[in-house]
Amino acid sequence: MSEKLRDLHDDVFGRMRARGGRQWRIAFGVCGLFTLLLVGSLSWTIYKGIGVWGTNMPAAWAFAIINFVWWIGIGHAGTFISAILYLLEQNSWRNPISRLTETMTIFAVVQAGLFPIFHLGRPWFAYWLFPYPDIMGVWPNVKSALPWDAAAVSTYFTVSVLFWFTGLLPDLASLRDHAPTRRQRILYGLLAMGWRGDARSWRHYKVTYLMLASIAAPLVISVHSVVSSDFAIGLTPGWHTTLQPPYFVAGAIFSGFAMVIVLAIPVRFFYRLEHVITDRVLENCAKLMLITGCIVAYGYMMEHFGAYYTGDADERSLMFGFHPTSIAFWMMISCNVLAPQVLWLRRARRSKVVLLIVSLLVLLGMWLERYVIVVQGLLRDQLPSAWGNYMPTIVDLGILAGTLGFFGLLFLAFLRFMPFIPVSELKEEAVLE
Amino acid sequence: MRTGIAAEFADEATLLAAIHRVRDHGLTRLETYGPVPSEAIDLALGKERSSLSVAAGIGGLCGAAGAYALQWFLVAYLYPIDLGGRPPHMPLPYLIITIEMGFLFGAIAVFVAFLVACRLVRLWDPINDVPGFESATRDHFWLAIDGDDPALDRLGDALDDAARVAPFGGAA
């Protein structure tokens, strides 16, 4: 047993410690450039005000909310894998990717959080969302969806970070104890907070991890439900429906699994971890992507059925008429409903190229879905005199591209410096076998 | 400063046998170190399941109750807004933040309790100075017997299976 643990330890840590080399530096540089673009775009937004965005009446919600919902949705698969699959004891295929996906969650929520804060127009007053005693005597109105969002997203972020950090402790301690240089020993030593693997700590660790997983699991459902209620409690056509919460949650997990596949395939290739992040892991992710994709397709159907069945003229014309967003709608159907159907075939699920293409299409499709939901109803609401059009500006596009770069930058830095495979969990699994 | 004797074992089974022998000799102040959690070790040491879940429950309930009370205080009492004649005290919209805060404070409470219970953020311990102790986070298991154990002189041959035995914290 001891040899098994040692081989596992040396193999996985050795591969993780492998220097990214040129490819890593090039990727980091590109992401760094896009991060600069993000900094530039956001600075310009602060300097001029959000008039530099395309967001304007009637599309008072546009890119900022689309990107917010898209990014936060991506995070959901991370929590689904690390918490729900842990509670369901799917450790054999959950463990190899749980750390990667938790990290993805945290960094995706970081991107998501930028949007509502800058959409406020005066981001330096973002703390007004939280109840604090001030001289004006004004308090947030908790009957509005905005404080719900603030509570849901900040809870989700905090719990995800605690869960992630607790899981990291044993691996950080391993890095500390086997660090080649004194500087690394000090750095990982501080991060590991003195974890020594004593029986007492392990006992408390197991229960703490279980409790955090139990708390994170309902958050997977609650966060996107709350986000969907931003829409559902409004009267705008296409928003005002009880379908929204489950539809949003399924879509979130759907896009999240797509992102997991997009990240896991290059990671296992460049770090030569094919024997850890096995084909079976990717295949199971693909299966879950297919299932959630079918739920999303059902959501599209029910959305249209609801509009037909209620007989509401505005809802009907929105769902069945031709609009400025109709092209986006049909692209969305192709990416989210048609493309994943290829995953019914075992050969497609086993092919990395097909998986990557389908996942990228799903990510695009889910972005388009949010675009259609947010913009369509606003452009065609109940008053034809208030109809209008929407076009994003170059600053909008710069911010979207910038968040992709910033996400990549954080993720690459994590790959380089932190244990991105939970070796201690793999060891535990190996011992149990 | 904490003193004692540390013994290294190549695998869990030898460690378990050693724990049983040591306990048979009447020693009680034991701690083990290893790369994986193990119920068998907890059982051998006579330890019960951790009760930290209570902290999550208490933290969660306090967070939820506090959030509901705070919302009532703000919206129904301190700054009531008349929105289309709806009553200021409305449980349904309050519930969302109540539930979220329940989760948030439950998670924070269990994490803080975890740090306290494991006595973490103690970066160094005398046992860290035992040569080779870093194998505890890699592949080997260690047994530490506290120097203050009243039955220490009855240790005898209990640690003979160990790959290595060393005192720590200045103990002879």
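Residues numbered from 1 in each chain as written. Chains lettered and ligands numbered in written order. Predicted model: local features only at pLDDT ≥ 70, side-chain atom pairs only at ≥ 80, totals over all residues. Heavy atoms only, no water.

**Focus: the confidence of the model for chain B**
Interpretation of this model should avoid reading the predicted coordinates in detail wherever pLDDT is low.
Residues and elements named next belong to chain B.
Then, in step 1: For chain B, mean pLDDT is 90; residues scoring 70 or higher make up 99% of the total.
Then, in step 2: The weakest mean pLDDT in chain B belongs to strand β4 (residues 164-168) at 89; the strongest belongs to helix α4 (residues 91-117) at 95.
Then, in step 3: For this predicted complex, the interface confidence comes out at an ipTM of 0.93, alongside a pTM of 0.94. (pLDDT = per-residue confidence, 0-100. Helix = DSSP H or I, 4+ residues; strand = E, 2+ residues; numbered from the N terminus.)

**Here's the deal with the side chain of Ser98(A)**
Then, in step 1: By secondary structure assignment, the location of Ser98(A) is in helix α4 (residues 91-119).
Then, in step 2: With residues up to four places along the chain from it excluded, the contact list for Ser98(A) reads Ile81(A), Ser82(A), Pro422(A) and Glu425(A). (Contact = heavy atoms within 4.5 Å.)

**As for the interface of chain A and chain B**
Then, in step 1: Residue-level contacts link 59 residues of chain A with 64 residues of chain B.
Then, in step 2: Both sides of the chain A and chain B interface together cover about 5,500 Å² of buried area, and 69% of this is carbon and sulfur.
Then, in step 3: On the chain A side of the contact with chain B, Lys143(A), Arg196(A) and Arg203(A) bury the most area, a combined 16% of that side's loss.
Then, in step 4: Across the contact surface, chain A and chain B share 3 salt bridges.
Then, in step 5: Ionic pairing is found between Asp10(A) and Arg138(B), a salt bridge with its closest N-O pair at 2.6 Å. (Buried area = accessible area lost by both parts, 1.4 Å probe. Salt bridge = Lys/Arg side-chain N within 4 Å of Asp/Glu carboxyl O.)

**Notes on the sheet that holds β4(B)**
Residues and elements named next belong to chain B.
Then, in step 1: The 4 strands lie next to each other as β2-β3-β1-β4, forming an open sheet whose pairing is antiparallel. Edge positions in the sheet fall to β2 (30-33) and β4, since each of these pairs with one other strand and no more. Ignoring which end each strand starts from, the neighbouring axes of this sheet average 20° apart.
Then, in step 2: Relative to strand β3 (residues 141-146), strand β1 (residues 4-9) runs antiparallel, the two being bridged by 6 bridges. Note on β3: the bridge partner recorded for Gly4 is Asp146. (Pairing = 2+ DSSP bridges. Axes fitted to C-alpha atoms, helices over the stretch in contact; angles between N-to-C directions.)

**Some points on the packing of aromatic side chains**
Then, in step 1: Counted according to the given criterion, the structure contains 40 aromatic pairs over all chains.
Then, in step 2: Centroid distance Trp44(A) to Tyr47(A): 5.9 Å. Interplanar angle 35°. Geometry classified as tilted. Linking Trp44(A) with Tyr47(A), this pair stays in helix α2 (residues 21-48), spanning 3 residues, or about one helical turn.
Then, in step 3: Trp44(A) sits in the partly exposed class, given a relative accessible area of 41%.
Then, in step 4: Taking relative accessible area as the criterion, Tyr47(A) reaches 65% and is therefore assigned exposed.
Then, in step 5: When the ring of Phe231(A) is compared with that of Phe248(A), the centres are 5.5 Å apart and the planes differ by 45°; the resulting orientation is tilted. One end of the pair, Phe231(A), is in helix α7 (residues 199-232); the other, Phe248(A), is in helix α8 (residues 244-270), and 17 residues separate them in sequence.
Then, in step 6: By way of ring pairs, the aromatic residues Tyr86(A), Phe163(A), Phe165(A), Trp195(A), Trp202(A), Tyr205(A), Tyr209(A), Phe111(B) and Phe114(B) are connected into one cluster. (Phe/Tyr/Trp six-rings, centres within 6.5 Å; stacked < 30°, edge-to-face > 60°. Buried < 20%, exposed > 50% of the residue type's maximum accessible area, 1.4 Å probe, protein only.)

**Let's talk about the nonpolar core**
Then, in step 1: Ranked by size, the top nonpolar core spans 148 residues in total, and within it Trp71(A), Met104(A), Phe257(A), Met289(A), Phe420(A), Ile421(A) and Phe114(B) carry the most contacts.
Then, in step 2: Per-element tally for this core: the top contributor is helix α3 (residues 63-87) of chain A, with 17 residues.
Then, in step 3: Ignoring any residue separated from it by four or fewer positions in sequence, one finds Phe420(A) in contact with Met16(A), Arg99(A), Leu100(A), Val267(A), Tyr271(A), Leu273(A), Phe414(A) and Leu415(A).
Then, in step 4: The next biggest cluster of nonpolar side chains, apart from the first, holds 23 residues, and it includes Ile19(B), Leu27(B), Ile41(B) and Leu155(B). (Core = buried A, V, L, I, M, F, W, Y, C linked by side-chain atoms within 4.5 Å.)

**Here's the deal with the side chain of Asp396(A)**
Residue and element names in this part refer to chain A.
Then, in step 1: With respect to the helices and strands, the residue Asp396 is situated in helix α14 (residues 394-417).
Then, in step 2: A distance of 3.0 Å separates the side chain of Asp396 from the backbone nitrogen of Thr393, its partner in a polar contact.
Then, in step 3: If near-sequence neighbours (up to four positions away) are discounted, Asp396 is found in contact with Trp53, Gly54, Phe63 and Tyr390. (Polar contact = N/O pair within 3.5 Å; in protein donor to acceptor, adjacent residues only side chain to side chain.)

**Thoughts on unusual backbone geometry**
All names here are of chain A.
Then, in step 1: Here the bond from Met57 into Pro58 is cis, since omega is 0°, no more than 30 degrees from zero.
Then, in step 2: Topologically, Pro58 is positioned in the loop between α2 and α3.
Then, in step 3: Positive phi values are uncommon outside glycine, yet Met193 reaches one of about 55°.
Then, in step 4: By secondary structure assignment, the location of Met193 is in the loop between α6 (182-192) and α7.

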